[in-house]
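Descriptive analysis of the structure
What follows is the residue order along each chain.
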Amino acid sequence: MPYDLLIKGALVYPGEEPPRVIDVAIEGDRIAALGPDLGVEAAEVVHADGLMLCPGFIDLHAHSALEPFRDPLLIPKIAQGFTTELINPDGLAPAPVDRARWQARRAYLQPLEGPGPETWPWSSIDEYLQALAATRPATTLVPSVGHGSVREYVMGSEQRAPTAQELEAMRREIRAGFDAGARSLSFGLIYVPGAFADTAELIEVAKEAVRFGAPLAVHVRNESDLVLQAVGEMIEVARRSGAPLHLSHLKVIGHAHLVEPLLELIDRASREIDITFDQYPYGAGSTMLSALLPPWSLAGGPSTTLARLADTATRAQIARDVRRGLPGWENIFAAVGPAAIVISHAAPPRSDVIGKSLAQIAEEREIDPLEAALELLCDTSLDVTMIDHYASEEVVRQIFCHPLHLIGSDGIFGEHPHPRLYGTAARVLGRYALREGLIPVEEAIARLATRAARRLGLTDRGRIETGLRADLVLLDPARFIDTATYEEPRRTPDGVVGVLVAGRAVWRDGAPTGERPGGVWSGW
Ligand SMILES: [Zn+2]
């Protein structure tokens, strides 16, 4: 019986080990045979001399929860070799959602996740995942349970601790999410209502992740002046609950002197707890512009926030808090300044500000930069996304070189996105490993595939091995590099010859094939 596909003569990186020139035969969705000069028949033969073959890359921080309803091909992801994505990070997810409040959830998530379908037909996580699977995405989407979305579902967007009953209800919803296939529990402690959870609540809900052997995926409470305390809090949560800890997009906003103590803190913790982190390889972040606001002003949901911004006295109080700061609160506006905050998406009628900094917008409108931000939030009903330039390339590389580092693009889809959406995997493997040798090539591949799969307990992928899923990336090592920039962010990387998901080509010769074999992980 001939195989479906034979890839001949590529330099094959199996996962963590050094590469070998071997043939790889594929049958259906699996890797069926491996070896030097296999000498077998196949319906299709790809001659891959001089190319490298890697296991499909895994994006550990993906904002692809609603994008497949618009573009199930997920082009920016497959174009750089991502074949699996962990979705619903930052505690934020489209489900579970109260049927009476789905429009508020949609309005809040829109700057990060897009709107999704016209009406959301789901309430439970299981219903949402079924709707998502029906879009037939090109990559495999692995869900997280979003703690913030569970909290909002159970107790609304209120700034208080849950009652014992509410806490039990939250744990029940989290269990249901894991039963539906989730592979992590995500926290977003700068977003509402996640920001309203105290350490004791986080320890209690983390115990549900322990039952399923799943890691906590955490956007910590403060990535700026108080980053050591914020990461310390999560180490404490991991220690006391027993949950594995995965820190999302490790960084320090401003305060470069805290990077070394931060990495030391993680090293010390790693002797006691199971800890990893991901990073996108850029010195700028991107999130909703409303993340500039103090958490109290976001309580109650988007319409309440807009009412506060419309009220002169309350708006003045918001502005005062941003200018002076609040104890413990991560104040991004103060940490990076208005010249370093660039608008990457703004709903009509303000789409003309895309690509401009808050400082520029303020100058044009002859108002104060903070006032310009508040005005923009009002005019767009909060549907604005920013890119905030917070660190040097040197600091990014310092974090990158740490051995517990894994990769999460944090890519947010849009007309003028952060370049990480298109460039992350190519920057890590093509630029940092292949060109610059910051880490060995097989180490980069282990981080992009093998260790990421292991982190999520995905035993059917992450390596090139007989019997595993044929998620594969064929690259030209001489050409593979990120080309997306802040100015021209929607450029796909050079040098990606082909990408297979479950044995089917999703990307070939610089274009999507239209195949969508990925699906939604449901614990199969
Ligand atoms: Zn985040």
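Residues numbered from 1 in each chain as written. Predicted model: local features only at pLDDT ≥ 70, side-chain atom pairs only at ≥ 80, totals over all residues.

**Section: the packing of helix H7 (residues 227-241) against helix H8 (residues 259-270)**
Quick note on the threshold: Helix axes are fitted to C-alpha atoms over the stretch in contact, other axes to C-alpha atoms as well, and angles between N-to-C directions run from 0 to 180 degrees. Secondary structure follows DSSP: runs of H or I at least 4 residues long count as helices, runs of E at least 2 residues long count as strands, and numbering of each begins at the N terminus. With respect to orientation, any angle under 35 degrees is reported as roughly parallel, any angle over 145 as roughly antiparallel, any angle of 65 to 115 as roughly perpendicular, and every other angle as oblique. Crossing handedness follows the turn of the near helix against the far one: under a right angle anticlockwise gives a left-handed crossing, and clockwise gives a right-handed one. In this description, any two residues whose backbone-derived C-beta atoms lie within 7 Å of each other are considered to be in contact. Each residue is assigned to one class: nonpolar for Ala, Val, Leu, Ile, Met, Phe, Trp, Tyr, Cys and Pro, charged for Asp, Glu, Lys and Arg, and polar for all the others, Gly among them.
For the pair H7 and H8, interaxial distance at closest approach is 10 Å and the crossing angle is 15°. In this view, H7 runs roughly parallel relative to H8, as classed from their interaxial angle. Here the hand of the crossing between H7 and H8 comes out right-handed. Between H7 and H8, the residues in contact are Val227, Leu228, Val231, Gly232 and Ile235 and Pro261, Leu262, Leu265 and Ala269, respectively. Class assignment for the residues of the contact of H7 with H8 results in 8 nonpolar, 1 polar and no charged.

**Here's the deal with the sheet that holds strand S16 (residues 384-389)**
The line we're drawing: Pairing between two strands is assigned when DSSP locates at least 2 bridges connecting them.
One open sheet accounts for 3 strands, arranged S14-S16-S15; its pairing is antiparallel. One side of each edge strand has no neighbouring strand; the edge strands of this open sheet are strand S14 (284-288) and strand S15 (341-346). Here the strands of the sheet are splayed against their neighbours by 25° on average, with no regard to which way each runs. The sheet contact formed by S15 and S16 spans 5 bridges and is antiparallel.

**Quick look at the sheet that holds strand S17 (residues 405-407)**
As summarised here, the arrangement of the 6 strands in space is S9-S10-S11-S12-S13-S17, forming an open sheet in which the pairing is parallel. Both outer strands of the open sheet, strand S9 (145-146) and S17, are each paired with one neighbouring strand and no more. Bridge count between strand S11 (residues 216-219) and strand S12 (residues 245-247): 3 bridges; the pairing is parallel. By the bridge assignment for S12, Val218 is matched with Leu247. Seen against the sheet, H7 touches S11, S12 and strand S13 (275-279) and runs at an angle of roughly 160° to S12.

**Looking at the domain arrangement of the protein**
Filter applied, for reference: Boundaries of every domain are those given by an automatic assignment or by a domain database.
Assigned domains of the protein: these are domain 1 (3-54 + 464-512), domain 2 (58-283 + 391-456) and domain 3 (294-384). The distance between the C-alpha centroids of domain 1 and domain 2 comes to 27 Å. If you look at the interface, domain 1 gives 28 residues, while domain 2 gives 29 residues. Among the elements of the structure, strand S19 (496-501) and strand S20 (504-508) are those that each provide at least two residues to the side of domain 1 that touches domain 2.

**Digging into unusual backbone geometry**
Formally: Partly exposed residues are those whose C-beta has more than 12 but fewer than 20 other C-beta atoms within 10 Å; with 20 or more the residue is buried, with 12 or fewer it is exposed, and the C-beta atoms are placed from the backbone.
Residues Ala95 and Pro96 are joined by a peptide bond in cis, for which omega reads 0°. Its place among the elements puts Pro96 in the loop between strand S7 (82-86) and helix H2 (102-113). Of the consecutive residues Val192 and Pro193, the connecting peptide bond is found in the cis state with omega at 0°. Here Pro193 is to be found in the loop between strand S10 (185-188) and helix H6 (199-211). Phi is positive for His255, close to 45°, though the residue is something other than glycine. Take His255: it is sitting in the loop between S12 and H8. C-beta crowding within 10 Å serves as the criterion here: with 18 such atoms nearby, His255 is assigned to the partly exposed category. With phi around 55°, Asp410 is a residue other than glycine that occupies positive phi space. Following the sequence through the fold, Asp410 ends up in the loop between S17 and helix H15 (420-435).

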